[in-house]
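Descriptive analysis of the structure
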Amino acid sequence: MTHETVFHAILSLAIQGTLITFVYALAALGLAVVFGLIGVINMAHGAMITLGAYFTWACLSAGLPFGLAVLVAVAGVGLVGLIVEHALIRHFYDKPFETLLLTWGLFLILTELIKIAFGSDIRTIPTPLPSAIAFLGFHIPEYEALVALLSAALLGAIGLVFYKTSYGIKIRALTQNREVAGLLGLNVAATYKIVFVAGAMLAGLAGALMSPILSIDPTIGNIYLVRSFFVVIVGGIGQLLGGTLAGSFLIGGSQTIFGAFSSQVIAQTIVFALAIVVLRFRPTGVFKEK
Amino acid sequence: MSNTRPVPPMPRISLRSESAAAIVVFAVLALLPLMMGGYVIYVLPQYLIYGVLAMSLGMLWGYAGILSFGQAAFFALGAYAMGLAMKAGFGAGDGYLGLLAAIVVGAGLAFLVGYFLFSAGVRDIYFVLITLALSIMVQQIAISQSSLTGGFNGMYIPRMDLALGPLGRVSLAHDRAIYYLVLPVTVAIYAGLRRLTRSDFGKVLVGIRENEGRTLSLGFDTSWYKTIAFTISGAVACFAGALYGAHAEFVSPSLASVAFSTEVVIWVAIGGRQSLLGALLGGLGVAALSNYLDGLSPVFWQLILGGIFVAVIIAFKGGIAGALGRLVARKDDAHG
Amino acid sequence: MSEKLNSANGVNRRSVLLGSLGAASALGAPAVIRSAYAAAPIKVGVISPLTGAWTVYGKAHSEGFKLAVDEINAAGGVLGRKFEIIMADSKTEPRIVAEQANRLIREEGVDFLAGTFSSAERNAAGPVVTAGNKVLLYPTFYEGQQQKYFPGVCNPNIFMFGPVPSQQVWPHLPYMMKNHGKKFFMVGSDYVWPRVTNAVTKKRLVELGGEVVDEIYIPFNTPQYDSVLSKIRNSGANVIFLSLTGSDTINFRKQFVSAGMKKDFTLWTVDDEEVVTSALGPEASAGTYVSFDYFMSIKQANNDAFLKKFRAKFGQNALMDTVGVAMYNAGHMAAMAIAKTGKVSTDGLRQGLAGLTFDKAPQGSVTMRAIDNQAILPSYLMRVRDHWTGTGDMFEQVQYFPDVTPATASCAHLPLN
């Protein structure tokens, strides 16, 4: 290989890695918000992604345009999140282990309800942008690039909320110390509710935005579930922005890189093993502060 | 787990009534093949093996407070160990070699993973997620290493003979023969785990579950205790897998799936995580019910199972065994 | 062709005749007819993936067999006995297959079994049908028989009604190479069927002067295909030879379209039948080549008659595919085999099926090869039509070969029976 082709290959990997990093970040963001801010591992996250995809499909079938379908799907999954939080989750916030099991039970129930409501036939949604941008000899899928951009914008927006607005700073205080947050005049119960619903809406958004590039079946969200967990945990609790990005890169981007040199199975196994090793040596994530 | 909750007093009466219940259950199971034959006698050993798998998690989760979503990975490894041993062609000792290899592999892997993680303070939900990943990795490797494992298509495992030295060999091809092998093994594992949980070691595990910091400050090397508990659990799950392989005569990668691992968690939660008999009967009962009810209404059965699971987590932390235990204790209080 | 039994009427007449021979000595003729219709049914255990990952294929799978049984019973059954189906759900799990196959044999006392979906499921049933000495009729396209997977294959009790790679791929290689190029890029799921299919294909491709530029195997449940698509884009390949399965094939193809690559490459899939192609929709699927032994779109009198009955029973929009049709053929051929030998037994079925031809099969004519229990089948190469509207016009026939003989199974002992 000449220097030029090597350079080209590296750049091409970088582009793929970046795309996949932002797609994984989008899939993991809802989990990161809920886990990072209120300490709930939402095992139903995958089912919520699935639900987002199905709601989008249902809206499109009813004749809504894609953009509107996405908004309805986000609201729909948010509503499901609200019901679940109000009926169950809010009673267990001080017991992370119980919430893990509860949300996992919810995952089972939601998956079965999806099967009953939508059947088990595979559904698909036509890709809104079925072409690629040619750029310096690279081809970047338009729709995926759009999803990655939205994901980046979302990360930025969440950063603004948490670091620049007073409400965001109070919510972050909540993660540190609940009594202090109460003294700051924060309605703790309401804030927990808002965060959980926001997490559900983000899961719904991920499902809605990814629905055009995926097969929509009752378990489709699960393939992102374990990857999302690793993104969040490797990134570190509470490290919403940097953590989610670093985690996504480690899980998605590095798999792309390993996949270039070895078989896909080995790449996947290496990435999981790597995630476990990172956890072992940095139990609070790669951006350990203390 | 919450650190503020006091250690629940384990009433002596419940231990005694569990022993009584266990004796009744095992006696019924021992007599069953004399009264009936056919499919029930074929399939019961399989459910008993599921029960052993459930106990491997019950011990870990109920006593040490460590939840594993990776029990199926060990179970599948055990079945593969049995399959490879039967292929190795050591003659009369094949089956024993398989069982032994399963124990060694299960204990070895669990020890390595456990030591690696517990010694660094990885715990609770982090550990759960790693065991989840472990399941996925074992499954992927089993699929891709097809020259060894048969890959996705699976591996045939000829049923082992029971070589009894000078007494000759007993073929396990007959339903009753393998039934009367699996049942005493199940009883032995139950008794062994029971003893373990009531020993000083078991008390330390309960201490860790309730308050790891306090147990550590009392001078116990908690990460070591957790590693040993996980090792034992892995060995039991893997051994159960080897027995399963011998019984089903087949193993494929889906045996290591997360779906099966999580099924084990359901068995134990419903049966009762703080009672080994509860876990055993949870595995046996839920698997048997699934077999029969699934045929009637598959979708709704899964939905109901999910609902029961959520109800158990919310309201009946002890599962069925816990609820029964409380009932017995209350009755005894009233009479005593 | 004494082995050909074509009409349901023929079966019926013969069975009544055999029934009367047996009973005539003891009873009067009117009683014979009564006893013939009151006779205990022939029980068939059908194992389908009704829940779990492959639920979506389970419908056609079980409906194919149900339709065959309806037709057999409407014609009076076999030997005066009707077929009765006992359904079992595999949950797409091999361990459940072992449990259910045992239940069907031991508790339900079925006379033989049909079904199981994946090779893993069939292999799980292998030891059970061997121990219980029952016949299993297996419908799915698969990798062919290799002794190392005995008793799931190379088993005298198991009959294969679906195509193997040498039938599904070989006949169409010359056409694809001539019209679309000699450089193939192979993408498959990482398990036995795609790997064997690709190996078998590669062997013939190289013999014909073609070339495999790269081969990639994808683990199950992979959501993103950016790196694979980029490799394909830079490979200089003409044809993408696809053996991905399940949701992965859809995810890949959605992203292939979304990456704007559809116009630059010819896609040939050996997995994506009616169910997958319907799910993809016309835009994403148009122009793709698919090869199988059966398509709903094939224009044949047999298929027209078959689809008419199928749609009448299961609805106008019901999907049928190669696997469901194999189940349909399995049902009819079992009935013919029983009628031929006059025995409802494992031996009777085995003898009856060996060399049996069913020329009312929806895809043409199907013959069960005696030496290795492998069906001789037609092979179709189809192209997905632009702007198709339903299964009727989904595929356009490119070429067709009747009676494609499969490569001989690599079993330790042939013939199997």
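Everything discussed here concerns the structure shown above.
The text that follows walks through the structure, step by step, so that each part is easy to find. Note that residues are indexed from 1 along each chain, following the sequence as it is written. In the order they appear in the text, chains get letters beginning with A and ligands get numbers beginning with 1. Residue-level local features of this predicted model are given only where pLDDT is at least 70; pairs of side-chain atoms are given and counted only at 80 or more, and the full residue set underlies all totals for whole chains, interfaces and linings. Water and hydrogen atoms play no part in the side-chain values, which are based on all heavy atoms of the structure.

1. Side note on the overall build of chain C
The line we're drawing: Working definition: helices are DSSP H or I runs of at least four residues, strands are E runs of at least two. Numbering for both runs from the N terminus. For the radius of gyration, the atom set is restricted to C-alpha positions; the globular benchmark scales as 2.2 Å times the number of residues to the power 0.38. Exposure categories follow from relative accessible area, calculated using a 1.4 Å probe and restricted to protein chains: below 20% of the type maximum is buried, above 50% is exposed, and the middle band is partly exposed. Contact criterion: two residues are considered in contact whenever any of their non-hydrogen atoms come within 4.5 Å of each other. Note on areas: these come from Shrake-Rupley sampling with a 1.4 Å probe, and a residue is covered only by the protein chains present in the view.
If you tally the helices and strands in chain C, you get 14 helices and 14 strands. Scaling as 2.2 N^0.38, a compact globule of 417 residues should have a C-alpha radius of gyration of about 22 Å, and chain C matches this with 22 Å. Dimensions of chain C, computed from C-alpha atoms along their principal axes, come out at roughly 80 × 40 × 40 Å. Relative to its 417 residues, chain C shows a buried fraction of 65%. At a minimum sequence separation of 6, the contacts of chain C that also span at least 24 residues come to 70%. Looking at chain C as shown, the accessible area adds up to about 13,400 Å², and 53% of this sits on carbon and sulfur atoms.

2. With respect to the interface of chain B and chain C
Heads up, the rule is: Throughout, the accessible surface (probe 1.4 Å) given up by two parts as they are put together, summed over both, is called the buried area. Salt bridge criterion: a side-chain nitrogen from Lys or Arg within 4 Å of a carboxyl oxygen from Asp or Glu. Counting of polar contacts relies on pairs of N or O atoms within 3.5 Å, with two restrictions inside protein: one atom must be capable of donating a hydrogen and the other of accepting it, and residues adjacent in sequence are counted only when both atoms are side-chain atoms.
Each side of the interface is counted separately: chain B has 32 residues, and chain C has 30 residues. Summed over both partners, the interface of chain B with chain C comes to about 2,600 Å²; 56% of that surface belongs to carbon and sulfur atoms. Together, Y39(B), F152(B) and N153(B) form the three largest contributors to the area buried by chain B at its contact with chain C, with a combined 27%. Scanning the region where chain B abuts chain C turns up two salt bridges. Between E263(B) and R95(C) there is a salt bridge, with the nearest N and O atoms lying 3.2 Å from each other. Our count for the chain B to chain C interface comes out at 12 residue pairs in polar contact (both at pLDDT 80 or more). For the side of chain B that touches chain C, the secondary-structure elements that each account for two or more residues are α2 (39-63), α5 (124-144), α6 (146-149), α11 (258-271) and α12 (276-296) of chain B.

3. Things to note about the pattern of salt bridges
All told, the structure shown has 20 salt bridges over all chains when counted by the stated rule. The salt bridge involving R106(C) is made with D175(B); its shortest N-O contact spans 2.2 Å. Here the residue R106(C) occupies a position in helix α4 (residues 94-107), and D175(B) occupies one in helix α7 (residues 175-198), the pair thus bridging two chains. Relative accessible area serves as the criterion here: at 15%, D175(B) is assigned to the buried category.

4. Description of a nonpolar patch on the surface
This is how the line gets drawn: Like charges are joined within 9 Å and nonpolar side chains (Val, Leu, Ile, Met, Phe, Trp, Tyr) within 5 Å, but only among residues with over 30% relative accessible area and no salt bridge; these make up the patches.
Judged by side-chain polarity, L113(A), I116(A), F300(B), I304(B) and I308(B) come together as a nonpolar surface patch covering roughly 430 Å² of accessible area. For the nonpolar patch, the secondary structure elements donating two or more residues are α4 (96-118) of chain A together with α13 (298-314) of chain B. Element by element, the count of residues in the nonpolar patch is highest for α13(B), at three residues. Relative to the helices and strands, L113(A) resides in helix α4.

5. Quick look at the interface of chain A and chain B
Quick reminder of the rule: As a working rule, the residues Ala, Val, Leu, Ile, Met, Phe, Trp, Tyr, Cys and Pro are called nonpolar, Asp, Glu, Lys and Arg charged, and the rest polar, with Gly in that last group.
Each partner contributes residues to the interface: chain A has 36 residues there, and chain B has 39 residues. Counting each side, the surface lost to burial between chain A and chain B is near 3,500 Å², with a carbon and sulfur contribution of 84%. The three residues of chain A that bury the most area against chain B are F97(A), W104(A) and R280(A), which together make up 21% of that side's buried surface. Our enumeration of links across chain A and chain B arrives at zero salt bridges. Counting across the interface, chain A meets chain B through two residue pairs in polar contact (both at pLDDT 80 or more). Elements that contribute at least two residues to the side of chain A that touches chain B include exactly α4, α9 (222-235) and α11 (264-281) of chain A. If you tally residues by element for the side of chain A that touches chain B, the top one is α4(A), at 14 residues. Across the side of chain A that touches chain B, the residue classes break down as 29 nonpolar, three polar and four charged.

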